[in-house]
Amino acid sequence: MDRIRIRGGRPLSGEIKVGGAKNAALPLMVAGLLTDDRLILSNVPRLADIQTMGQLLEQHGISVEFVTNDGRILSLGGAITNTEAPYDIVRKMRASVLVLGPLLARVGEARVSLPGGCAIGTRPVDLHLKGLEQMGACFNLANGYIDGKVDGRLRGATIVFPFVSVGATENLLMAATLADGRTVLANAAREPEIGDLAACLVAMGARIEGIGTDTLTIDGVPSLHGAEHSIIPDRIETGSYACAAAISGGSVFLRGARLDHLGATVRILREAGVDVVEEPEGLTIRRLNGLHGVDVMTEPYPGFPTDMQAQFMALMSVAEGASMVTETIFENRFMHVPELNRMGARINVHGASAIVRGVPGLSGAPVMATDLRASLSLILAGLAAKGETIVNRVYHLDRGYEAVEQKLAACGVDIERIAG
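Residues numbered from 1 in each chain as written. Predicted model: local features only at pLDDT ≥ 70, side-chain atom pairs only at ≥ 80, totals over all residues. Heavy atoms only, no water.

**Thoughts on the pairing of strand 20 (residues 346-350)**
In this sheet, strand 21 (residues 353-357) lies alongside strand 20 in antiparallel orientation, the contact comprising five bridges. Bridge assignment links His350 to a residue of strand 21, and that residue is Ser353. Linking strand 20 back to strand 21 in an antiparallel pair, the connection comprises two residues, with Gly351 at a positive phi of about 65°. (Pairing = 2+ DSSP bridges. Helix = DSSP H or I, 4+ residues; strand = E, 2+ residues; numbered from the N terminus.)

Next comes the structure, spelled out in structure tokens:
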């Protein structure tokens, strides 16, 4: 099993190109189920999750082809020949459940394994199922599978989410594009990735109003057609490398990064003493005089993202003073805390909050990654630590970050991957 070795103490200096957003690319790939025509996606990130989603779509009969040698342009489309999403594929990635709505909308039936993914808490699909039931679907849950059927076509409905859910918003948005009549999604997620999906669906012929707001209105159409769409840059990768520059005391230009997608992340970084400057083609990030403890609470966009919580905690571990990090999205997302403490951090967890008391420095140690974002937080800690840090189980990292060691090494970091 691969490991990553970091020898800390070198500030970042240089440029990193921000890749396409994983959390936008996955639902955009699923949108290929909504038409037999070709959907051409560009700025595709080269990640393990992209390969897994491609395998799942091929299972359904969709042709998935990378049309350039660098794997940045993806062409997918074709007729649906199989409506089962099997456990062996779905268990690898929770986003697989997004095929449920499009399959029901296109062919009226679906058999989808309950999803897997990172072990960071329960991720119920209740909102997905309840919304689709309002649109006329019927479900039976047995033996770890969701069996769904629709008598005829899905029907438009007014669906009020009891809490914000990115996945449920995406699933129902895609399903609604081919439903009979009007669907209103109230208290919908507003993440940039939702807007990117909606923009692609509109290019495919969907009728959607309210993009970027918490109320989406979709007038169903009989069919969608092919389109070309460029995936937005990854705001979590942007935030992660901003933390890398800050924790190492360096300066980095993040090419392609978009300030308008960062929401509360940029405000929190600035409060902590990180300079974020918008340039014509990206963002310049550098640490100012010192890091200061800042309290954060994870919230739906435009609040501080749960996907940045672990990275920011690593940053706060070497900040002056204390900070409190409160996790409101997932109940089991502090598994990186014991590993950071092994490196000399002073973090105490109390329920849904972690108290971080900044220390003058960290020390290298062997640590174990427990999930995708925790993997990056341990690499960040390694950048600031004295001595050598070995991050084990980095297969999590490859699901959501492309070529981390190459990007950091190009900015002067002493880092390498050790094949396991």
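**Points about the sheet that holds strand 12 (residues 207-209)**
Taken in spatial order, the four strands of this open sheet run 10-11-13-12, and their pairing is mixed. Only two strands of the sheet have a single partner each, and these edge strands are strand 10 (158-160) and strand 12. Averaged over all adjacent pairs, the angle separating strand axes in this sheet is 15°, with direction ignored. Across three bridges, strand 12 lies against strand 13 (residues 215-219) in antiparallel orientation. (Axes fitted to C-alpha atoms, helices over the stretch in contact; angles between N-to-C directions.)

**Here's the deal with the packing of aromatic side chains**
According to the stated counting rule, one finds one aromatic pair in the structure shown. Geometrically, the ring pair formed by Phe304 and Phe312 is edge-to-face, given 5.5 Å between the ring centres and 65° between the ring planes. Like Phe312, Phe304 is buried. Above the ring of Tyr145, the side-chain terminus of Arg111 is found at 4.0 Å from the ring centroid. (Phe/Tyr/Trp six-rings, centres within 6.5 Å; stacked < 30°, edge-to-face > 60°. Buried < 20%, exposed > 50% of the residue type's maximum accessible area, 1.4 Å probe, protein only. Lys NZ or Arg CZ within 6 Å of the ring centre and 35° of its normal.)

**Regarding the environment of Asn341**
Structurally, the position occupied by Asn341 is in helix 11 (residues 337-342). On a C-alpha basis, the gap between Asn341 and Ala48 in space is 29 Å, while along the polypeptide they are 293 residues apart. When sequence neighbours within four positions are dropped, the list of residues in contact with Asn341 reads Arg346 and Ile347. (Contact = heavy atoms within 4.5 Å.)

**Description of helix 12 (residues 372-384)**
Of all 13 residues making up helix 12, 12 are buried, and the element is well covered by its neighbours. Turning to helix 12, its buried residues are Leu372, Arg373, Ala374, Ser375, Leu376, Ser377, Leu378, Ile379, Leu380, Ala381, Gly382 and Leu383. Measuring from the side-chain oxygen of the N-cap residue of helix 12 to the backbone nitrogen of Arg373 gives 3.2 Å; that N-cap residue is Asp371. (Polar contact = N/O pair within 3.5 Å; in protein donor to acceptor, adjacent residues only side chain to side chain.)

**Brief notes about the nonpolar core**
Ranked by size, the top nonpolar core spans 76 residues in total, and within it Leu132, Met135, Leu154 and Leu201 carry the most contacts. By size, the runner-up hydrophobic cluster in this structure holds 70 residues, among which are Leu12, Leu259, Val337 and Leu376. (Core = buried A, V, L, I, M, F, W, Y, C linked by side-chain atoms within 4.5 Å.)

**A word on helix 9 (residues 264-271)**
Along helix 9, the residues that are buried comprise Ala264, Thr265, Val266, Ile268 and Leu269. One or two steps after helix 9, the chain reaches Gly273, where phi turns positive at roughly 100°.

**Brief notes about the side chain of Ser317**
Here Ser317 shows up in the loop between helix 10 (309-316) and strand 19 (322-326). Judged by relative accessible area, which is 1%, Ser317 ranks as buried. A distance of 2.5 Å separates the side chain of Ser317 from the backbone oxygen of Ala314, its partner in a polar contact. Ignoring any residue separated from it by four or fewer positions in sequence, one finds Ser317 in contact with Ala345, Val356, Arg357, Gly358, Val359 and Leu362.

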